[in-house]
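# Chain and residue survey
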Amino acid sequence: MKSIGLLNNIKKILVTGANGQLGSEIKELAANYPHFEFIFTDIADFPLDKKQEIISNFNRIQPDIVINCAAYTAVDKAEDNQEVADAINHLAIATLATLCHDSGTKLVHVSTDYVFDGTSPVAYKEDDKPNPKSVYGATKLAGEIACSKKCPESIIIRTAWVYSQFGNNFVKTMLRLMDERDTLSVVNNQVGSPTYAADLAQVILTILDSKKWESGMYHYSNKGKISWFDFAVAIKEIAQKTCIVNGIPASNYPTPAERPAFSLLDKSKIKEVYGIEPIDYKISLKKMMARL
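Below, the structure is looked at part by part. Remember, predicted model here, so these are calculated numbers, not experimental data. As a convention, each chain's residues are numbered from 1 in the sequence order in which they are written. A pLDDT threshold of at least 70 governs which residues receive local features in this predicted model, and a stricter bar of 80 or more applies before side-chain atom pairs are shown or counted, although totals over entire chains, interfaces and linings include all residues. Only hydrogens and water are set aside; all other atoms, that is, all heavy atoms of the structure, feed into the side-chain values.

## Thoughts on the sheet that holds strand β3 (residues 65-68)
Being paired, for any two strands, means DSSP has found at least two bridges between them. Under the DSSP-based scheme used, a helix requires at least four consecutive residues in state H or I and a strand at least two consecutive residues in state E, with every element numbered from the N terminus. Strand order in this open sheet of six strands is β2-β1-β3-β4-β5-β10, and the pairing throughout is parallel. Each edge of the open sheet is held by one strand with a lone partner, namely β2 (36-40) and β10 (216-219). Mean inter-strand twist for the sheet, computed between neighbouring axes without regard to direction, equals 20°. Here four bridges tie strand β5 (residues 155-159) to β10, and the two strands are oriented parallel to one another. Bridge assignment links R158 to a residue of β10, and that residue is H219. Every residue pair with non-hydrogen atoms within 4.5 Å of one another is taken to be in contact. Axis definition: a line fitted to C-alpha atoms, over the contacting stretch in the case of helices. Angles run 0 to 180 degrees between N-to-C directions. In this fold helix α2 (residues 21-29) packs onto β1 (11-16), β2, β3 and β4 (106-112), with an angle of close to 145° to the strand it touches most, β2. Where helix α7 (residues 197-209) meets the sheet, it contacts β1, β2, β3, β4 and β5, and its direction lies at approximately 160° from that of β5.

Dropping the structure here:
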């Protein structure tokens, strides 16, 4: 039986978007942190498009820490659903950040490489000027700004190319298509680095467990500089598929939302502040595919 003192030290962590890729990976790791009490919520019980429900749910739960994994991530659909995307990616964050600031609750908010225009010749640092080219990117940037303004003591982590054993993502789509087709064409002139959601989940929990809170913006993705074509080839090799993968320019595969041509994130700050060393993307990719 736990002592009263120990019980009083247990921190209550509210995780929004808990059924998404990142939230699901945090659930997988939660048992390793018995000194945290996790409250996992998703759109059904913590809808971010309804301000009053955010306020009433927050006040009911009274968390010590919030990890906001929730977002409107349908990048192409956002072009026609700007109001909904803005409500979830921006306005909800303003509300959440205000609540956290007013109650002394720690806030970790997850953002995206899409806040950049992809024209940089080198990996993006946290203080590089954002210039989103899509509605999704613009609403996520607005969310970052609101988060920083309403809760300056928050931590924001930008990530990119997220995949996991949970939900829909590039890796699972490639594996399915490689079983269905003899040949596959994948964009070869958009460059970045993938992020295994389990690694990002571990990064967030490591920060919360470190007893060190350094507010501000951080970048995290796996280690590597690859194109989507390179990523597909790595998936093919690990899964030992016979499908032929061809590289094509992005101009051959037009989408409603423009993607950054270059979205490599510089991870030196998170390494310096928290001692977090990004894992090579192929190591993480093998680990994730073994779990499928």
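## Concerning the pattern of salt bridges
By salt bridge we mean one thing: a side-chain nitrogen of Lys or Arg within 4 Å of a carboxyl oxygen of Asp or Glu. Summed over the entire model, instances satisfying the criterion amount to 10 salt bridges. Measuring nitrogen to oxygen at the nearest pair gives 3.8 Å for the salt bridge that ties D49 to K50. Among the ionic pairs, K271 bridges to E277, the shortest N-O distance being 3.2 Å. Given a relative accessible area of 42%, K271 falls into the partly exposed group. One continuous salt-bridge network, built from bridges that share partners, spans E25, E28 and R291. Classification of residues uses two cut-offs on accessible area relative to the type maximum, computed with a 1.4 Å probe and protein chains only: under 20% is buried, over 50% is exposed, and between them is partly exposed.

## Some details on the packing of aromatic side chains
We call Phe, Tyr and Trp rings a pair once their centres come within 6.5 Å, taking the six-membered ring for Trp, and we label the pair stacked below 30 degrees between planes, edge-to-face above 60, and tilted otherwise. This structure, assessed with the given rule, holds 14 aromatic pairs. Judged by centre distance (6.5 Å) and plane angle (50°), the rings of Y124 and F262 are tilted. Here the residue Y124 occupies a position in the loop between β4 and α5 (135-150), and F262 occupies one in the loop between β12 (244-248) and α9 (268-274), the gap between them amounting to 138 residues. The two residues Y124 and F262 agree in class, both being buried. Members of the aromatic cluster, joined through ring pairs, are W161, Y163, F170, Y196, W228, F231 and Y281. Counted as over-ring charges are cases with an Arg CZ or a Lys NZ within 6 Å of the ring centre that also lie within 35 degrees of the ring normal. Just above the ring of W213 sits the side chain of K106; from NZ or CZ to the centre is 5.6 Å.

## A closer look at the side chain of T159
Structurally, the position occupied by T159 is in strand β5. A relative accessible area of 4% places T159 in the buried class. Any N or O atom pair separated by 3.5 Å or less is treated as a polar contact, with the protein-specific requirement of one donor-capable and one acceptor-capable atom, and with residues adjacent in sequence counted only for side-chain atom pairs. Within the structure, T159 has its side chain in polar contact with the side chain of T195 (distance 3.0 Å). Excluding residues within four positions of it along the chain, T159 makes contact with V110, S111, T112, D113, T195, L200, Y220 and L265.

## Some points on α5
Under the convention used throughout, the expected extent of a helix is 1.5 Å for every residue step, that is, one less than its residue count. Along its 16 residues, α5 runs 22 Å from first to last C-alpha, staying within 8% of the 22 Å computed at 1.5 Å per residue. Three or more residues of α5 are buried, namely V135, Y136, G137, T139, K140, L141, A142, G143, E144, A146 and C147. Considering only its buried residues, α5 is in contact with α4 (82-103), β4, β5 and β10.

## Things to note about the nonpolar core
In terms of nonpolar packing, the biggest core is built from 33 residues, with V171, M174, F231 and I235 touching the most fellow members. When residues of this core are traced back to their parent elements, those giving at least two are α6 (170-180), β7 (183-187), α8 (228-239) and α10 (281-291). By size, the runner-up hydrophobic cluster in this structure holds 30 residues, among which are V15, Y33, Y218 and I276. Residue types Ala, Val, Leu, Ile, Met, Phe, Trp, Tyr and Cys, when buried and joined through side-chain atoms within 4.5 Å, form a set referred to as a nonpolar core.

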